[in-house]
Amino acid sequence: MPAKLIKGTEISKQIREEITREIEELKSKHGVTPGLATILVGDDPGSKVYVGQKEKACNNLGIYSERTDVPADTSEADLLDLVKKFNDDPKIHGILVQLPLPKHIDASRVIYAIEPDKDVDCFHPVNVGKLMIGTGRFLPCTPHGILELLKRSDITTEGKHVVVVGRSNIVGKPIANLMLQPSPGGNATVTLCHTGTKDLATYTRMADILIVAVGHPKTITAEMVKEGVVVIDVGVNRTGKTPEGKAILSGDVDFDAVQEKAAAITPVPGGVGPMTITMLMKNTVEAAKASI
Ligand SMILES: NC(=O)c1ccc[n+]([C@@H]2O[C@H](COP(=O)([O-])OP(=O)(O)OC[C@H]3O[C@@H](n4cnc5c(N)ncnc54)[C@H](OP(=O)(O)O)[C@@H]3O)[C@@H](O)[C@H]2O)c1
């Protein structure tokens, strides 16, 4: 029987409705409008699209948004000054510097410069450390989105074997850590796989919940999963174009074959993707609340 679809588009809509109510309350009770500053360096088309989507989400929800586009040859010092300006601006509760940055800029220096209380991407080492010990205010957006997808689909993680494929700092490592936390939404036994893993399928077949973030289409095939697995496919791969010139997206999992064995699975698009920006909005609202 085909798997139940975990519909990120619908869950994201639910969360945005909740956020809208929180924003209305912040405005009416405290006179505070959450504010997000986005900084785009250069004119990478993909980054432009992402920053545009974040701006649009702010506008739709009633979050104040301030976007600054600077040229690709902006110096690191000028970028650090810009970050400092937003650190000091009380209208701004969250700062997002769109990555990747041009090669002449040290991205970690820029991330370190963001005030941790305004680090709504949760990339600053202080926030990464807090996540690890389970005391974080912010959770990184994509992993946080995955937690919400599971929770709101009534999929418990407690005592389950969660296998994560991919160890990036923005997805694999933080979601593995969150799954380990001894709290609701975590408390799982976790295996983290990467390109150094010998015989990946041995591990993926043991998964009760399989989270895949590798960036290659069809890395996970039906032979690599057990019956009844829950699959969260984070991958976004451009695998072609429609006759109208629109990108065709696919995940890291062979969706058609794996859905025949899985109990539940996220589609691509419409699974994890819509959650990421929603959780960024959520973090901006949390930062605004904390500023009161
Ligand atoms: N939907 C969203 O909102 C969202 C957000 C973030 C990312 N993504 C997508 O998720 C995917 C992953 O992104 P990322 O930033 O986490 O990627 P990344 O930084 O490129 O990391 C990929 C990870 O996958 C591992 N890997 C690659 N091929 C593998 C294989 N065949 N077997 C086992 N491990 C393998 C790599 O291992 P090594 O460390 O050993 O190299 C690496 O740890 C991309 O398609 C990206 O576009 C989507």
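> How do you make sense of the overall build of the protein chain when you look at a structure like this?
In terms of helices and strands, the protein chain carries 10 helices and 11 strands. For 292 residues, the compact-globule formula gives about 19 Å, and the C-alpha radius of gyration of the protein chain, at 19 Å, lands near that figure. Referenced to the eigenvectors of the C-alpha coordinate spread, the extents of the protein chain come out at roughly 55 × 40 × 40 Å. Of all 292 residues assigned to the protein chain, the portion counted as buried reaches 49%. Nonlocal contacts in the protein chain, meaning residues at least 24 apart in sequence, comprise 70% of its contacts between residues at least 6 apart. Of the roughly 14000 Å² that the protein chain leaves accessible, carbon and sulfur atoms contribute 54%. Placing the 34 positive and 36 negative side-chain charges of the protein chain at their respective mean positions leaves the two points 1 Å apart.

> I tried to follow the layout of surface pockets on my own but got confused; where do I start?
Empty space among the atoms becomes apparent when a probe as large as a water molecule is rolled across them. As a volume, the largest pocket reaches approximately 1600 Å³. If you trace the largest pocket, you find 49 residues lining it, with Tyr50, Gln53, Val236, Gly273 and Thr276 closest to the centre. Sorting the residues of the lining of the largest pocket by element identifies α1 (8-30), α2 (45-61), β4 (94-97), α6 (141-152), β10 (247-250) and α10 (273-290) as the ones contributing at least two each. Considering only residue class, the lining of the largest pocket consists of 25 nonpolar, 15 polar and 9 charged.

> Honestly, helix α3 (residues 76-87) in this entry has me stumped. Any pointers?
Side chains of residues three or four places apart in an α-helix project in the same direction, reflecting 3.6 residues per turn. If you check α3, its first and last C-alpha atoms are 16 Å apart, about what 12 residues at 1.5 Å a residue would give, namely 16 Å. Residues of α3 that are buried include every one of Glu76, Leu79, Leu82, Val83, Phe86 and Asn87, and no others. All buried residues of α3 fall inside an arc of 145° around its axis, so they share one side. Check the buried side of α3 and you find it contacts β2 (35-41), β3 (64-70), β4 and α4 (107-113).

> Would you mind showing me how to read the packing of α6 against helix α7 (residues 172-180) here?
For the pair α6 and α7, the least separation of the axes is 9 Å and the interaxial angle reads 45°. In this view, α6 runs oblique relative to α7, as classed from their interaxial angle. In terms of crossing hand, the pair formed by α6 and α7 is right-handed. Only Pro174, Ile175, Leu178 and Met179 of α7 make contact with α6, whose side of the interface consists of Pro143, Ile146, Leu147 and Leu150.

> Quick question: what am I supposed to make of the sheet that holds strand β11 (residues 264-265) here?
Sheets are built from strands that pair by backbone hydrogen bonding, the pairs being arranged parallel or antiparallel. Strands sit in the order β1-β11-β8-β7-β5-β6 across an open sheet of 6 strands; the sheet is parallel. Since the sheet does not close on itself, it has two edges, and those belong to β1 (4-5) and β6 (189-193), each with one partner. Summarising the sheet, strand β7 (residues 209-212) and strand β8 (residues 230-233) pair through 4 bridges and their orientation is parallel. Bridge pairing in β8 links Leu210 to Val231. Docked against the sheet, α7 engages β5 (161-165), β6 and β7, running at close to 165° with respect to β6.

> I would appreciate a short explanation of the pairing of strand β9 (residues 237-241) in the present structure.
Every other side chain in a regular strand lies on the same face of the sheet, so the side chains alternate between the two faces. As paired elements, β9 and β10 share 4 bridges and run antiparallel to each other. By the bridge assignment for β10, Asn237 is matched with Ser250. Between the antiparallel neighbours β9 and β10 lie 5 residues, among them Gly245 with a positive phi of about 90°.

> Any chance you could explain empty space enclosed by the protein here in plain terms?
All told, the structure shown has 1 cavity of 30 Å³ or more when counted by the stated rule. The computed volume of the largest cavity comes to approximately 50 Å³. Taken together, Ile95, Leu96, Val97, Ile111, Ile114, Asp119, Asp121 and Phe123 form the lining of the largest cavity. Across the lining of the largest cavity, the residue classes tally to 6 nonpolar, no polar and 2 charged.

> Would you mind going over the site of the ligand with me for this structure?
Taken together, 22 residues lie near the ligand, and Arg167, Ser168, Thr195, Val236 and Thr276 sit nearest. Within the side chain of Arg167, one N or O atom sits 2.7 Å away from an oxygen atom of the ligand. In the model, an oxygen atom of the ligand is placed 2.4 Å from a nitrogen or oxygen of the Thr195 side chain. Here the ligand loses 69% of its free accessible area of 930 Å² to cover by the protein chains. Each residue belonging to the shell around the ligand can be placed in one class, and the counts come to 9 nonpolar, 12 polar and 1 charged.

What counts, and where the lines are drawn
Residues numbered from 1 in each chain as written. Predicted model: local features only at pLDDT ≥ 70, side-chain atom pairs only at ≥ 80, totals over all residues. Heavy atoms only, no water. Helix = DSSP H or I, 4+ residues; strand = E, 2+ residues; numbered from the N terminus. Rg over C-alpha atoms; globule rule 2.2 N^0.38 Å. Buried < 20%, exposed > 50% of the residue type's maximum accessible area, 1.4 Å probe, protein only. Contact = heavy atoms within 4.5 Å. Areas by Shrake-Rupley, 256 points an atom, 1.4 Å probe, with all protein chains shown as cover. Lys, Arg positive; Asp, Glu negative; His and termini not counted. Charge placed at Lys NZ, Arg CZ, Asp CG, Glu CD. 1 Å grid on protein atoms, 1.4 Å probe; cavity = no way out; pocket = protein on both sides within 12 Å on 5 of 7 lines; lining within 4 Å. Points joined across faces, edges and corners; volume = space filled by probe spheres on them. Nonpolar A, V, L, I, M, F, W, Y, C, P; charged D, E, K, R; others polar. Expected span 1.5 Å × (residues − 1). Arc of directions from axis to C-beta. Axes fitted to C-alpha atoms, helices over the stretch in contact; angles between N-to-C directions. Parallel < 35°, antiparallel > 145°, perpendicular 65-115°, else oblique. Left-handed = near helix turned anticlockwise from the far one by under 90°. Pairing = 2+ DSSP bridges. Near = heavy atom within 4 Å. Polar contact = N/O pair within 3.5 Å; in protein donor to acceptor, adjacent residues only side chain to side chain.

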